[in-house]
Amino acid sequence: MFYEVFQIIFLSLLVSLFATFLSLVSGIPLGTLIALKNFPGKKFIIVIFHTLMGSPPVVVGLFLTILFWRNGPLGILHLLYTPFAIVIAQAILSFPIIVGFTISSIQSLDPMMLFQLRTLGFSPLKRVFLIWKEAKIPLFSAIMAGFGSAISEVGASLMVGGNISGRTRIMTTAIVLESSRGNFEKAVFLAIVLFLIAFTVNLFLTILQQRR
Amino acid sequence: MEEIMRLKGIKFSRGNFELDIDDFSVKKGEIFCLLGENGSGKTTFFFILSLLIRPDSGEIWIMGKRVESIKDAGKNVTMVFQKPVLFSGSVYDNIILPIKGNKRKFEKDKLELLMEKFGISKIKEKKGKEISGGEAQRVCLVRALLLNPKILVLDEPFSSIDPISSHEIISEVIKIAREEGMTIIFSTHDPEESVHAERIGIMDNGKIVQIGSFKDIFYKPSNDRIAKILGSVNVIFGEIEEWRDGVAKVRSNGWIIEVVTDIKEGDVAIYLRPENVVISREISFSSARNNFKGEVREIFDKGLRIEIILDCGFPLISHVTRPSFENLDLKVGDIVYASFKASSVHLVRR
């Protein structure tokens, strides 16, 4: 029992951190690009991301299940019912949240800031890093929101992971299973652990965010 | 002097506004002032010549090379904006940010000297948010000067600094520019500030409508519109005859005007605000050192103030308040006495 629970917690954390990491490295640059560049259809793109921020996990789960199904377009990758499938599902769900928050973080800065950096002779890459530094506080909120959506997600993880004991069972899917079986003690224990993990990760991120 | 920058056939339009610069050039080491009302297009023009926005058409040449891309912004031209932009961190962090970021070398002594000259040594540890607008503007000036650009573009940089210290700051910026051989292009809507420039351009409705020396512009404005932009100003040219205890005697067309100044000799221009010229019926024995007898030539009602044009052997404009105008009971042709303090005059070297 202890080993099993430990495995669930460990897998859950690993999967969600990896998913958050994937959506960060793609979402923050994309959000920055959208915020800083002027192009036709910019507002439309922003609306799309805002809509996707509230994507129903089961819809994403369904879409990925079809994609990864044995005879599906990506069936040869044999990803269905693996932890990787859960990573992909969670990353897809947190990606628009990260992008959306990044866009508003960057857009809330003084628009003259970029002109100021250009006229002081900074290279494009340095300008982006300095802009991120200025938007540090809201960007950390983006990271926290992204991680929060990943670790708390259940619908898509259940569908693409299959909740297989010892392989793809994570905290949220385990809580669903145990409570449906009437094992409330185990379910409540997992729920408390889930909450504590979320608290610890957010505490760490908040310390980084508030550091001057 | 060799030409450092030239703009040809620049066109830029957004909405109703249209910028149209046929041919504009500045020479190396020149101090150029762009004078114009708010909304005349000064800022847009400066953004284009600082390579921060791309014009719809036209050519920009810097040091004999045609600029192909606005990616070169900040290479030779650095702009200081009207509204100061500071980043997180202390004042000191802000000043050395571009030096560090561009891996440029700088002398620590020069930095200390600049901070001392612009009165920010005491606030260097403070955060950007904790200082006043005027202080922030000085920080931006020092940050730009430390980079030592070939061309420094200043967009109404003295608007958030109080008028008295703004003159000191302009003089200081120009002194540094001369030492370093830097070219300065600055804009203002205050004609008084333009006295510091070698050439002045008047911008109106997106076009540069007149370019010339201070004398050309103030004595021979091309049209009424330009005269209106220049506003009511007393500009008197002369030569310092004598200087003693901080007061110079300036000779101008046979008249002597006393001015409190550190300048001890040479050709000078005197700038006198019309509201500092006091009119009385009797000769006044006030502390004012400059007293002239004159005839009232014209009277203009300007609402809160009344503008009176006097002929004292030279033209002199005075602004009086409505109550004192009614008290004086002035009519065209009256003989009156005009006086102004030696300390209310601003004097610059020509």
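Only a predicted model underlies this, so the values are computations on that prediction, with no experimental measurement involved. Within every chain, residues take consecutive numbers counted from 1 along the sequence as written. Chain letters start at A and ligand numbers start at 1, both assigned in the order the entries are written. Whole-chain, interface and lining totals are the exception, using all residues; otherwise, since this is a predicted model, local features are given only for residues with pLDDT of at least 70 and side-chain atom pairs are given and counted only at 80 or more. Where side-chain values are given, they derive from all heavy atoms of the structure, hydrogens and water being excluded.

**Observations concerning the nonpolar core**
All names here are of chain B. We call a set of buried Ala, Val, Leu, Ile, Met, Phe, Trp, Tyr and Cys residues a nonpolar core when their side-chain atoms join them within 4.5 Å. Any residue under 20% of the maximum accessible area for its type is buried, any over 50% is exposed, and the rest in between are partly exposed; the area is computed with a 1.4 Å probe on protein chains only. Core analysis: the biggest nonpolar cluster contains 105 residues, and M5, L7, F45, L49, I95, L154 and I200 have the highest contact counts within it. Secondary structure counts use DSSP, requiring at least four H or I residues in a row for a helix and at least two E residues in a row for a strand, with both numbered from the N terminus. For this core, the element with the highest residue contribution is helix α4 (residues 133-147), accounting for nine residues. Here a residue-residue contact requires only that any non-hydrogen atoms of the pair lie within 4.5 Å. Leaving out residues up to four positions away in the same chain, I95 has contacts with L111, M115, I120, V139, V142, R143 and L146. Counting 29 residues, the second-largest nonpolar core is a separate cluster that includes V250, V277, V336 and A338.

**What about helix α3 (residues 108-117) of chain B?**
Residue and element names in this part refer to chain B. L111, L114 and M115 are the residues of α3 that are buried. Seen end-on, α3 carries its buried residues on one side only, within an arc spanning 95°. Across α3 from its buried face, at more than 90 degrees, point the exposed residues D109 and E116. G119 sits one or two residues past α3 and shows a positive phi near 65°. Throughout, the arc means the angular range of directions from the helix axis out to the C-beta atoms.

**Some details on a nonpolar patch on the surface**
Taken together, the side chains of A:F184, A:V188, A:I192, A:F195, A:L196, A:F199, A:L203 and A:I207 present a nonpolar region at the surface, about 850 Å² in accessible area. Position of A:F199 among the secondary structure elements: in helix α10 (residues 184-210). Surface patches are drawn from residues lacking salt bridges whose relative accessible area is over 30%; two like charges belong together within 9 Å, two nonpolar side chains (Val, Leu, Ile, Met, Phe, Trp, Tyr) within 5 Å. Accessible areas in this description were obtained via Shrake-Rupley with a 1.4 Å probe; residue shielding takes into account the shown protein chains only. What makes a salt bridge here is a side-chain nitrogen of Lys or Arg within 4 Å of a carboxyl oxygen of Asp or Glu, nothing more.

**Regarding the domain arrangement of chain B**
Residues and elements named next belong to chain B. Each domain's extent is set by a domain assignment, obtained either automatically or from a database. Split by domain assignment, chain B resolves into domain 1 (3-226) and domain 2 (232-349). Centre-to-centre separation of domain 1 and domain 2, based on C-alpha positions: 32 Å. Facing 10 residues of domain 1, the contacting portion of domain 2 comprises nine residues. Throughout, buried area stands for the accessible area (probe radius 1.4 Å) lost by two parts on being put together, summed over both. Summed over both partners, the interface of domain 1 with domain 2 buries about 870 Å², with 72% contributed by carbon and sulfur atoms. A per-residue breakdown of the area domain 1 buries against domain 2 is headed by E192, V195 and Y219, which together make up 49% of the total. Viewed at the interface, domain 2 and domain 1 are joined by one salt bridge. The closest approach of N and O atoms between R273 and D190, which form a salt bridge, is 3.7 Å. Here a polar contact is recorded for every N or O atom pair within 3.5 Å, except that within protein the pair must consist of a potential hydrogen donor and a potential acceptor, and residues adjacent in sequence are included only if both atoms are side-chain atoms. Across the contact surface, domain 1 and domain 2 share zero residue pairs in polar contact (both at pLDDT 80 or more). In the side of domain 1 that touches domain 2, the residues fall into five nonpolar, two polar and three charged. Put simply, Ala, Val, Leu, Ile, Met, Phe, Trp, Tyr, Cys and Pro go in the nonpolar bin, Asp, Glu, Lys and Arg in the charged bin, and everything else, Gly too, in the polar bin.

**Digging into unusual backbone geometry**
All names here are of chain B. With a phi angle near 60°, L51 is a residue other than glycine that sits in the positive phi range. Checked against the element boundaries, L51 lands in the loop between α1 (42-49) and β4 (57-62). Accessibility expressed as a relative area gives 3% for L51, which makes it buried.

**Description of the confidence of the model for chain B**
Mean pLDDT over chain B works out to 89, with 98% of the residues at or above the 70 mark. Taken over the whole predicted complex, pTM reads 0.80, whereas the ipTM for its chain interfaces reads 0.81. What pLDDT conveys is the predictor's confidence in a given residue, as a value from 0 to 100.

**Description of α4(B)**
Note that an α-helix has 3.6 residues per turn; residues three or four places apart therefore point the same way. Residue and element names in this part refer to chain B. What a helix should span is 1.5 Å times the count of its residues minus one. In this model, α4 (15 residues) spans 22 Å end to end at C-alpha, consistent with the 21 Å of a helix rising 1.5 Å per residue. Burial of α4 is extensive: 13 of the 15 residues sit out of reach of the surface. Phi turns positive one or two residues past the end of α4, at N148, with a value near 50°.

**Structural notes on the side chain of A:T102**
Residue and element names in this part refer to chain A. Mapped onto the elements of the fold, T102 is located in helix α4 (residues 83-107). Its relative accessible area of 0% is what places T102 among the buried residues. In contact with T102, other than residues within four places in its own chain, are G27, I28, G31, T32, L139 and A142.

**Section: empty space enclosed by the protein**
Only protein atoms enter the calculation, which uses a 1 Å grid: trapped sets of points that fit a 1.4 Å probe without letting it out are cavities, open sets showing protein on both sides within 12 Å along at least five of seven lines are pockets, and any residue with an atom within 4 Å of a point is a lining residue. Grid points are joined across faces, edges and corners, and a volume is the space filled by probe spheres set on the points. One pass over the full model with this rule turns up one cavity of 30 Å³ or more. The volume enclosed by the largest cavity comes to roughly 30 Å³. As for the largest cavity, its lining consists of A:Q116, A:L120, B:T78, B:M79, B:V80, B:F81, B:C140, B:R143 and B:A144. Listing elements by their share of the lining of the largest cavity, those giving two or more residues are β6 (77-80) and α4 of chain B. Of the residues assigned to the lining of the largest cavity, the class counts are six nonpolar, two polar and one charged.

**Digging into the layout of surface pockets**
Estimates place the volume of the largest pocket at around 1300 Å³. When residues of the lining of the largest pocket are traced back to their parent elements, those giving at least two are α1 (2-36), α4, α5 (112-119) and α6 (124-134) of chain A together with β1 (3-14) of chain B. Here the residues of the lining of the largest pocket are counted per class, giving 21 nonpolar, eight polar and 10 charged.

**Here's the deal with the sheet that holds strand β18 (residues 315-321) of chain B**
All names here are of chain B. Sheet architecture is open: five strands sit in the order β15-β19-β16-β17-β18, paired in antiparallel fashion. The open sheet has two edge strands with one neighbour each: β15 (278-280) and β18. Averaged over all neighbouring strand pairs, the angle between strand axes comes to 45°, with direction disregarded. Pairing between strand β16 (residues 290-302) and strand β17 (residues 305-311): seven bridges, direction antiparallel. Note on β17: the bridge partner recorded for V296 is L310. If DSSP finds at least two bridges between two strands, the strands pair. To define axes, lines are fitted to C-alpha atoms, for helices over the stretch in contact only, and angles between the resulting N-to-C directions are given on a 0 to 180 degree scale.

**A short note on the interface of chain B and chain A**
How large an interface is tends to be reported as the accessible area lost when its parts come together. Every contact between the two is made by 24 residues of chain B and, on the other side, 15 residues of chain A. Buried area between chain B and chain A, both sides added, is near 1800 Å², and the carbon and sulfur share of it is 59%. For the pair chain B and chain A, the interface holds one salt bridge. Between B:K83 and A:D110 there is a salt bridge, and its shortest N-O distance comes to 3.8 Å.

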